[in-house]
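Results of the structural survey
Spelled out, the chains give:
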Amino acid sequence: MERVEELGAMALRDADDREVRLGELWRERPAVLVWIRHYG
Amino acid sequence: MRDRYQELTAKGANLAVIAAGFPAMAKDFQQEYRLPFPVLVDTPRATYAALGLKRASRLGVTWTSLRELALLRGVLKLARHGVGAPKAQQSLLQLGGALVVAPGGAVKLVHRATETRDNVPVDALLEALR
């Protein structure tokens, strides 16, 4: 799927304001990402 | 997903939830729902766009939001965290989705919601992790 490489290069902030590169989530283990509409 | 977190991690998976907003909102959300996995912030919703996630119709979202009192909860959160900043970051029209990726980057599941209550079943996530 073509978009996973683009996503993997993206970095987001977590709740503690630390950077998380998405590709790191599936570098060695499978990853489940869920996009939600809003908080709460 | 929280209630079946252990089933998902038993498959060796890293889990994360993504929403628009800012880290303080993510922290509040994580603590309120006692989420044992990372809650990530995508302020410009760039990952939503990259995955091709859709936007709902205004009418459908308005009806659903009123029904679920999401608007009221959102207003309360805005009042708590300050008015103004989230306006350009969150969109009630934005729909969600899910992605399961195998180690190395092979995509096992993509779910793009078609309406506000279209949530991917946890069983589908578990199946994709087989």
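In case you missed it, the structure is sitting above this.
No experiment lies behind these values; they were computed from the predicted model shown.

**Description of the overall build of chain B**
Counting its regular elements, chain B contains 6 helices and 4 strands. The helix and strand sequence of chain B, counted from the amino end, reads α-β-α-β-α-α-α-β-β-α. A burial count over chain B gives 32% of its 130 residues as buried. By sequence separation, contacts in chain B at least 24 residues apart represent 56% of the contacts at least 6 residues apart.

**Overview of the interface of chain B and chain A**
On the side of chain A, 31 residues touch chain B, which itself brings 51 residues to the contact. Looking at the side of chain B that touches chain A, the elements that each hand over two or more residues are β1 (14-19), α2 (23-32), β2 (39-41), α3 (46-51), α5 (70-81), β3 (97-101) and β4 (107-112) of chain B. With 7 residues, α2 of chain B is the single largest residue contributor to the side of chain B that touches chain A. Looking at the side of chain B that touches chain A, its residues break down into 32 nonpolar, 13 polar and 6 charged. Judged from the 5 bridges that link them, strand β3 (residues 31-35) of chain A and β1 of chain B form a sheet pairing that is parallel. If you follow Trp35 of chain A over to β1 of chain B, its bridge partner there is Ile18 of chain B.

**What about unusual backbone geometry?**
The phi angle at Asp17 of chain A is positive, at roughly 65°, despite the residue not being glycine. Mapping Asp17 of chain A onto the fold places it in the loop between β1 (11-14) and β2 (19-21). A positive phi is found at Arg45 of chain B, a non-glycine position, where the angle reads about 55°. Along the chain, Arg45 of chain B falls in the loop between β2 and α3. In this structure Arg45 of chain B comes out as partly exposed when scored by C-beta crowding, with 18 C-beta atoms within 10 Å.

**Details of the nonpolar core**
Grouped together as the largest cluster of nonpolar side chains are 42 residues, with contacts concentrated most on Val32 and Leu33 of chain A. Here Leu33 of chain A is in contact with Ala16, Ile18, Ala98 and Leu99 of chain B, once residues within four sequence places are set aside.

**As for the environment of Glu28 of chain A**
If you trace the backbone, Glu28 of chain A turns up in the loop between α2 (22-25) and β3. Note: C-alpha distance between Glu28 of chain A and Glu6 of chain A (22 residues apart in sequence) is 18 Å.

**Focus: the sheet that holds β1 of chain B**
Taken in spatial order, the 7 strands line up as β2(A)-β1(A)-β2(B)-β1(B)-β3(A)-β3(B)-β4(B) in an open sheet, and their pairing is mixed. The open sheet terminates on both sides in strands that have one partner only, identified here as β2 of chain A together with β4 of chain B. Averaged over all pairs of adjacent strands, the angle between their axes in this sheet comes to 30°, without regard to strand direction. In this sheet, β2 of chain B lies alongside β1 of chain B in parallel orientation, the contact comprising 3 bridges. Its bridge partner lying in β2 of chain B, Ala19 of chain B is registered against Val41 of chain B. Packing of α2 of chain B onto the sheet brings it into contact with β1 of chain A together with β1 and β2 of chain B, and relative to β2 of chain B it is tilted by some 160°.

**Quick look at the pairing of β4 of chain B**
Residues and elements named next belong to chain B. One ladder, built from 5 bridges, connects β3 with β4; its direction is antiparallel. Across the sheet, the residue bridging to Ala98 is His111, located in β4. Taken together, β3 and the strand that follows it, β4, pair antiparallel across an intervening segment of 5 residues, in which Gly104 is found at a positive phi of about 100°.

**Quick notes on the pairing of β3 of chain A**
With respect to burial, β3 of chain A is a largely interior element, 5 of its 5 residues being buried. Of the two faces of β3 of chain A, both are covered, the one formed by Ala31, Leu33 and Trp35 of chain A as well as the one formed by Val32 and Val34 of chain A. With 5 bridges connecting them, β3 of chain A and β3 of chain B associate as antiparallel partners. Counterpart to Val32 of chain A in the pairing with β3 of chain B is Val100 of chain B.

About the thresholds
- Residues numbered from 1 in each chain as written.
- Chains lettered and ligands numbered in written order.
- Predicted model: local features only at pLDDT ≥ 70, side-chain atom pairs only at ≥ 80, totals over all residues.
- Helix = DSSP H or I, 4+ residues; strand = E, 2+ residues; numbered from the N terminus.
- Buried ≥ 20, exposed ≤ 12 C-beta atoms within 10 Å, placed from the backbone.
- Contact = placed C-beta atoms within 7 Å.
- Nonpolar A, V, L, I, M, F, W, Y, C, P; charged D, E, K, R; others polar.
- Pairing = 2+ DSSP bridges.
- Core = buried A, V, L, I, M, F, W, Y, C linked by C-beta atoms within 7 Å.
- Axes fitted to C-alpha atoms, helices over the stretch in contact; angles between N-to-C directions.

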